[in-house]
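Architecture at a glance
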Amino acid sequence: QQPVQSPQAVILREGEDAVINCSSSKALYSVHWYRQKHGEAPVFLMILLKGGEQKGHEKISASFNEKKQQSSLYLTASQLSYSGTYFCGTEHKTSYDKVIFGPGTSLSVIP
Amino acid sequence: SQTIHQWPATLVQPVGSPLSLECTVEGTSNPNLYWYRQAAGRGLQLLFYSVGIGQISSEVPQNLSASRPQDRQFILSSKKLLLSDSGFYLCAWSVFGGGNEQFFGPGTRLTVL
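In what follows, the accompanying structure is described. (Residues numbered from 1 in each chain as written. Chains lettered and ligands numbered in written order. Predicted model: local features only at pLDDT ≥ 70, side-chain atom pairs only at ≥ 80, totals over all residues. Heavy atoms only, no water.)

**What about the sheet that holds strand β3 (residues 18-23) of chain A?**
One key point about sheets: their strands pair by backbone hydrogen bonds, in either a parallel or an antiparallel sense. All names here are of chain A. Within the open sheet, the four strands sit side by side as β1-β3-β8-β7. Their pairing is antiparallel. Since the sheet does not close on itself, it has two edges, and those belong to β1 (4-6) and β7 (61-65), each with one partner. Neighbour-to-neighbour, the strand axes of this sheet turn through a mean angle of 15°, independent of strand direction. The pairing of β7 with strand β8 (residues 70-75) spans five bridges and is classified as antiparallel. Counterpart to F64 in the pairing with β8 is S71. (Pairing = 2+ DSSP bridges. Helix = DSSP H or I, 4+ residues; strand = E, 2+ residues; numbered from the N terminus. Axes fitted to C-alpha atoms, helices over the stretch in contact; angles between N-to-C directions.)

Dropping the structure here:
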């Protein structure tokens, strides 16, 4: 039931781009994306809903393929502040309200 | 504006002792409430969630329990802590209904010795 994330970890230089993927084995109602800095609480980035609606950060983009039950988060022109662990969370059609998070993707941006 | 509080911020407890962590939300009504646990270097494990007073859904069978005595109060408890209960405990809230962002509290770092 837990979504799968890839890659597990990625290292970027400032200005490079990255894509983080999230997939589920169950039909999805929505996909959430959060970023967590070490020792802090996760911070909301974006929600993608079935039907194409998106709510979230202006500088971050994401896609949601309902048929494939997959989502991707696109980080462009990365900055040092993008470093952290990125989690996707999924709400399933049979149990929305309940968000199950993936194992996370560690992103490190270096100068 | 809405705020979420958790206390204590850190806690060190011996094995076999009881536990009570409290979470309160201000500035909203009838929120969904969640308890997550994060082991060191790991992901967010959903422990409990609640869509209303007295309505608790348990996700992981273990020695923890949760209660929601008031609309904006969520309590995580244990009668006897295990070493494996150590971790970072996060409370979160969202607007009632699905497809809404979750707002996380600052967390409680629990160490069981």
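**Remarks on the state of the cysteines**
All chains considered together, the criterion is met by two disulfides over all chains. Paired through a disulfide, A:C22 and A:C88 show a sulfur-sulfur distance of 2.1 Å. Every disulfide takes its handedness from the sign of the S-S torsion; for A:C22 and A:C88 that torsion is 70°, giving right-handed. Of this pair, A:C22 sits in strand β3 while A:C88 is found in strand β9 (residues 84-92), placing the two residues 66 residues apart along the sequence. The disulfide bridge from B:C23 ends at B:C91, spanning 2.0 Å between sulfur atoms. Disulfide B:C23-B:C91: the torsion about the S-S bond is -75°, which places it as left-handed. Of this pair, B:C23 sits in strand β3 (residues 19-26) while B:C91 sits in strand β9 (residues 87-94), and the two are 68 residues apart along the sequence. (Disulfide = S-S within 2.5 Å.)

**Some points on the packing of aromatic side chains**
If you walk through the whole model with that rule in mind, you get ten aromatic pairs over all chains. Aromatic side chains A:F101 and B:F104 sit 6.2 Å apart centroid to centroid with 55° between the ring planes, which places their arrangement in the tilted category. With A:F101 in strand β10 (residues 100-101) and B:F104 in strand β10 (residues 103-104), this residue pair bridges two chains. Taken as a pair, A:F101 and B:F104 share a single burial class, namely buried. Arranged with centres 5.7 Å apart and planes meeting at 45°, the rings of B:Y36 and B:F104 form a pair that is tilted. With B:Y36 in strand β4 (residues 32-38) and B:F104 in strand β10, this pair connects stretches of sequence that are 68 residues apart. Take B:Y36: its relative accessible area is 0%, and that puts it in the buried class. When the ring centre of B:F88 is taken as reference, the NZ or CZ atom of B:R109 above it lies at 4.2 Å. (Phe/Tyr/Trp six-rings, centres within 6.5 Å; stacked < 30°, edge-to-face > 60°. Buried < 20%, exposed > 50% of the residue type's maximum accessible area, 1.4 Å probe, protein only. Lys NZ or Arg CZ within 6 Å of the ring centre and 35° of its normal.)

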